[in-house]
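Listed below are the residues making up each chain.
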Amino acid sequence: MKKKLLSIVLCFVLVAGCCVAFAPATVQAKKFSKKKVKIAVKKCKGSVYLPEDDCACKKVILVTNKNKKLADVTFDVIYYKGKGSDKKEVYRTSHSLIVAQVSYIGIGNDEEMPSFSSYKIKHIKIKKAKGKQISKKKVIIKNIKKQDGLKRISMKNNSKSDGVFERVRVYFNKKGKLLNVSSTCIQELRAGERVKIYNTDYSGKYYKMKTYYNYIKAKLD
């Protein structure tokens, strides 16, 4: 009788185990994590050209987002002059960024900025932003023929959504120091639209390159 009961119990355990093994797994959506958003100051070996500002600077604040959701990042850059008790604030810039994968801000590149001796990044706030990214598979970038001796590329929005698109490349040397940053600038493209732009990729020698894609769904006028 004991052997029969043991057999029944074992059968029940095996059946229960099989049910667990073959039951459909519940997939939990990955939550937005502030820890996956990094803010770092990178000093360039030469200078980084900022196409949006049409100027160059030697230091940039690089904001990277490893979440699949957009990040809403705000912070202040406060500039100081003097040391110790003589230290005082001379300038301040406030930044509000919607980051898909990367964003970069120049340090000390404002035309109205006075001379300064130091700076700090303060009042950092990070949260999930509204809106959705467009898959990089839906955007086609190709090299095309030179025009006036300059290289050009085409960017096509193959998705079914209008949006804003930017490809950013960050270049490093063997020591991991920043060499340069190149951007296609933000392109507004409707679904199926294609645009031709100049290729601003860094032409110098580098050890490592990281490519980021800021492709965001947006309503266009």
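Remember, predicted model here, so these are calculated numbers, not experimental data.

The rules we used
- Residues numbered from 1 in each chain as written.
- Predicted model: local features only at pLDDT ≥ 70, side-chain atom pairs only at ≥ 80, totals over all residues.
- Heavy atoms only, no water.
- Pairing = 2+ DSSP bridges.
- Helix = DSSP H or I, 4+ residues; strand = E, 2+ residues; numbered from the N terminus.
- Axes fitted to C-alpha atoms, helices over the stretch in contact; angles between N-to-C directions.
- Patch = residues over 30% accessible without salt bridge, like charges linked within 9 Å, V, L, I, M, F, W, Y side chains within 5 Å.
- Areas by Shrake-Rupley, 256 points an atom, 1.4 Å probe, with all protein chains shown as cover.
- Salt bridge = Lys/Arg side-chain N within 4 Å of Asp/Glu carboxyl O.
- Lys, Arg positive; Asp, Glu negative; His and termini not counted.
- Charge placed at Lys NZ, Arg CZ, Asp CG, Glu CD.
- Buried < 20%, exposed > 50% of the residue type's maximum accessible area, 1.4 Å probe, protein only.

(A) Here's a closer look at the sheet that holds strand β7 (residues 139-147). Sheet architecture is open: 3 strands sit in the order β7-β8-β12, paired in antiparallel fashion. Strands with a single pairing partner mark the edges of an open sheet, and in this sheet they are β7 and β12 (194-198). Between one strand and the next, the sheet's axes are offset by a mean angle of 25°, whatever the strand orientation. Both β7 and strand β8 (residues 150-157) contribute to a ladder of 7 bridges, which runs antiparallel.

(B) Quick peek at a negative patch on the surface. A contiguous patch of negative charge, built from D53, D54, D110, E111 and E112, is present on the exposed surface. Take D110: it is sitting in the loop between β5 (102-106) and β6 (118-128).

(C) Focus on the sheet that holds β6. Across the sheet, 3 strands lie side by side as β4-β3-β6; this open sheet has antiparallel pairing. Strand pairing shows two members of the sheet lacking a second neighbour, β4 (88-99) and β6, which therefore form its edges. Strand-to-strand twist across the sheet, computed as the mean angle between neighbouring axes with direction ignored, equals 15°. Where strand β3 (residues 71-81) lies against β4, 11 bridges are found, and the strand directions are antiparallel. Bridging across to β4, F75 finds its partner in H95.

(D) Quick peek at the pattern of salt bridges. Tallied over the entire structure, the rule returns 5 salt bridges. Its salt-bridge partner being R190, residue D162 comes within 3.5 Å of it at the nearest N-O pair. With D162 in the loop between β8 and β9 (163-172) and R190 in the loop between β11 (187-189) and β12, this pair connects stretches of sequence that are 28 residues apart. For R169, the salt bridge identified is with D201, shortest N-O distance 2.8 Å. Highlighted residues: R169 in strand β9 and D201 in the loop between β12 and β13 (208-217), separated in sequence by 32 residues. On the basis of relative accessible area, R169 is assigned to the buried category, the value being 18%. With relative accessibility at 24%, the residue D201 sits in the partly exposed group. Counted as one network, the salt bridges with shared partners bring together D76, E89 and R92.

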